Amino acid sequence: MRRINRLGVLSVLALLLLLAAFFLLRPGKVSPTPDPYGNSQAQLDPARLAEGVVSFRYTGGEEKRVKVQVTRAGGRDYNYDLANDGSWETYSLTDGEGDYTLRVLTQKENGRYTPVYTLEYALALTDPKAPFLASTQFVRYEGTGAAALAEELTEEAQSDGEVIGILFDHVAGSLTYDETQAETVERGYVPHVDEVLERGEGICVDYATLLCAMARSRGIPCKLVMGDAGGSYHAWVEVWSEDGGTVADIPLKEGGWTLLDPTFLSGEPSEEVREF
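Let me sum up the structure you'll find in this document. Owing to the predicted nature of the structure, the values given are computational and were not obtained by experimental measurement.

### Brief notes about the sheet that holds strand β14 (residues 256-260)
Working step 1: Taken in spatial order, the three strands make up an open sheet running β10-β11-β14, and their pairing is antiparallel. Whereas interior strands pair on both sides, the edge strands pair on one side only; in this sheet they are β10 (222-229) and β14. Sheet twist, expressed as the mean angle between neighbouring strand axes with direction ignored, is 30°.
Working step 2: Two strands pair when backbone bridges link them, and strand β11 (residues 232-241) and β14 are joined in this way by five bridges, in the antiparallel orientation. Of the residues in β14, the one forming a bridge with S241 is G256.
Working step 3: Lying on the sheet, helix α3 (residues 160-174) is in contact with β11 and β14; it crosses β11 at an angle near 150°.

### As for the pairing of strand β7 (residues 113-123)
Working step 1: As defined by bridge partners, strand β6 (residues 98-107) adjoins β7 across 10 bridges and the pair is classed as antiparallel. In the sheet register, L102 faces β7, and the bridge partner there is L119.
Working step 2: The hairpin turn running from β6 into β7, its antiparallel successor, is five residues long, and G111 in that turn takes a positive phi close to 90°.

### A few points about the environment of A134
Working step 1: The topology assignment puts A134 in the loop between β7 and α2 (145-154).
Working step 2: On the accessibility criterion, A134 (0% relative accessible area) is buried.
Working step 3: Sequence spacing of A134 and V53 is 81 residues, and the spatial spacing of their C-alpha atoms is 7.2 Å.
Working step 4: Ignoring sequence-local partners within four residues, the contact set of A134 consists of R48, V53, S92, V139, Y141 and R216.

Definitions and cut-offs
Residues numbered from 1 in each chain as written. Predicted model: local features only at pLDDT ≥ 70, side-chain atom pairs only at ≥ 80, totals over all residues. Heavy atoms only, no water. Pairing = 2+ DSSP bridges. Helix = DSSP H or I, 4+ residues; strand = E, 2+ residues; numbered from the N terminus. Axes fitted to C-alpha atoms, helices over the stretch in contact; angles between N-to-C directions. Contact = heavy atoms within 4.5 Å. Buried < 20%, exposed > 50% of the residue type's maximum accessible area, 1.4 Å probe, protein only.

Given below as structure tokens:
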């Protein structure tokens, strides 16, 4: 009888040990590793980060204003709009290599923005010019008529300088400066290059964005630059030419960046910009 009791006790203990091991070691007990590239409200696509290009989407399901904020350590904050419908938007990291903070923020009832997603990222670029070749929210050329036109205009060009010259002359020569738009443009305006081509007129950011998009579509690195020009807010471009060249009597740096202003040569009315 004692032997049977001992066997029973041992069997119960063995069963308890097996049950304990099951509950302690089963996968459900292991804390999941947080996804560094997103959460339930926002996601980041890291596929092109080494090129200095990043895509975000907002999936919080709320109809509120959403922003993407890009900050390089020691630099300024770049704030961009992000749609709240779950669609992806692409942005360039334009301040070169270094430590970046990438955020998605939503607007609260008090008007302030609060982060819903943050990533700290040390950017090491495969090519320093890569961010200036991408089709992004502000310089969108993929699938556009502007890109098709750029290809048609430059299909026989033999050098970077020739491509840049053809595109510059076309933009500066085909658009008219729109004084009314300059006085009424709203904050956060983002040009759509095909709409600019169709209208045949625009303001400085339209000229610069169109030239930048057409250049990038042809493999020419191009920076869209916006800032102060002698007291006026203005937009222009900087282009990279491997082989130099000349555009509108302006010599292009060989293997370097050259500032070009298509608005100026089309008759920009601002005296401050002329001085710049």
